[in-house]
Amino acid sequence: QVQLVESGGGLVQAGGSLRISCAASGRTFAPYAMGWFRQAPGKEREFVARIRWSTGTTYYAESTKGRFTVSRDNAKNTVYLQLDNLKPEDTAIYYCAAKSSSLLDWHYWGQGTQVTVSS
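Here the structure is a predicted model, which means the values were calculated and not measured.

J.: Summarise the side chain of Lys 99; cite the residues concerned and give the values.
T.: With respect to the helices and strands, the residue Lys 99 is situated in strand E9 (residues 92-99). Here Lys 99 occupies a buried position and makes no salt bridge, while the nearest side chain of opposite charge, Asp 105, is found at 5.6 Å.

What follows is the structure, given as structure tokens:
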């Protein structure tokens, strides 16, 4: 069983930066990819970014491209999301997720961390 635990959320002013982390634990952790999603109040959960675990290849949603950076530390089983130039509309609960195959949906989820951007 894989457990994902996010940390690093908080309150930041517009234009500021924050780095959130997701630490994975489990007997054998070797995901195909890990991703970040977010859900704002009253909205559907949306994709933010993902990173392929073995190669480090990244992919971003258009709304975050150029402002957010996803990275990973394989030795620590941790994925990071650097959030720069934050906007009030980035306020949401940020979730990390993992999947073990490109053919599968995201099937491991963390509990989420709150990011609040004040104007």
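J.: Break down the sheet that holds strand E7 (residues 68-73) for me, citing the residues and quoting the values.
T.: An order of E1-E3-E8-E7 is seen for the four strands of this open sheet, with the pairing classed as antiparallel. The open sheet has two edge strands, strand E1 (3-7) and E7, and neither has a second partner. In this sheet, adjacent strand axes meet at a mean angle of 15° when their direction is disregarded. Here E1 runs beside strand E3 (residues 18-25); their pairing, made up of five bridges, is antiparallel. Residue pairing across strands places Ser 7 opposite Ser 21, the latter belonging to E3.

J.: Pulling in residues and values, what's your account of the packing of aromatic side chains?
T.: Summed over the entire model, instances satisfying the criterion amount to four aromatic pairs. Taking the centre distance of 5.7 Å and the plane angle of 75° together, the rings of Phe 37 and Phe 47 count as edge-to-face. Linking Phe 37 in strand E4 (residues 33-39) with Phe 47 in strand E5 (residues 46-52), this pair joins segments that are 10 residues apart in sequence. Of the residues examined, Phe 47 reaches a relative accessible area of 24% and is grouped as partly exposed. Here Phe 37 and Trp 106 contribute two aromatic rings whose centre-to-centre distance is 5.5 Å and whose plane-to-plane angle is 75°, an arrangement assigned as edge-to-face. In this pair, Phe 37 is assigned in strand E4 and Trp 106 in the loop between E9 and strand E10 (108-109), connecting sequence segments 69 residues apart. Three or more aromatic residues link up through ring pairs in this structure, and these residues are Phe 37, Phe 47, Tyr 59, Trp 106 and Trp 109.

J.: Please set out the state of the cysteines residue by residue, giving values where relevant.
T.: Taken as a whole and assessed by the stated rule, the structure comprises one disulfide. Cys 22 shares a disulfide with Cys 96; S-S distance 1.9 Å. The sign of the S-S torsion, about 40°, decides the handedness of the disulfide formed by Cys 22 and Cys 96: right-handed. One end of the pair, Cys 22, is in strand E3; the other, Cys 96, is in strand E9, and 74 residues separate them in sequence.

J.: Can you tell me about unusual backbone geometry, naming the residues and giving the values?
T.: The phi dihedral of Asn 77 is positive, around 50°, even though this residue is not glycine. You can see Asn 77 is positioned in the loop between E7 and strand E8 (78-83). Positioned with a positive phi, Asn 85 is a non-glycine residue whose angle comes to about 50°.

J.: Describe the pattern of salt bridges, naming the residues involved and giving the relevant values.
T.: According to the stated counting rule, one finds four salt bridges in the structure shown. Ionic pairing is found between Glu 46 and Arg 38, a salt bridge with its closest N-O pair at 2.6 Å. For Glu 46, a relative accessible area of 33% puts it in the partly exposed group. Overall, the relative accessible area of 6% leaves Arg 38 in the buried class.

About the thresholds
- Residues numbered from 1 in each chain as written.
- Predicted model: local features only at pLDDT ≥ 70, side-chain atom pairs only at ≥ 80, totals over all residues.
- Heavy atoms only, no water.
- Helix = DSSP H or I, 4+ residues; strand = E, 2+ residues; numbered from the N terminus.
- Buried < 20%, exposed > 50% of the residue type's maximum accessible area, 1.4 Å probe, protein only.
- Lys, Arg positive; Asp, Glu negative; His and termini not counted.
- Salt bridge = Lys/Arg side-chain N within 4 Å of Asp/Glu carboxyl O.
- Pairing = 2+ DSSP bridges.
- Axes fitted to C-alpha atoms, helices over the stretch in contact; angles between N-to-C directions.
- Phe/Tyr/Trp six-rings, centres within 6.5 Å; stacked < 30°, edge-to-face > 60°.
- Disulfide = S-S within 2.5 Å.

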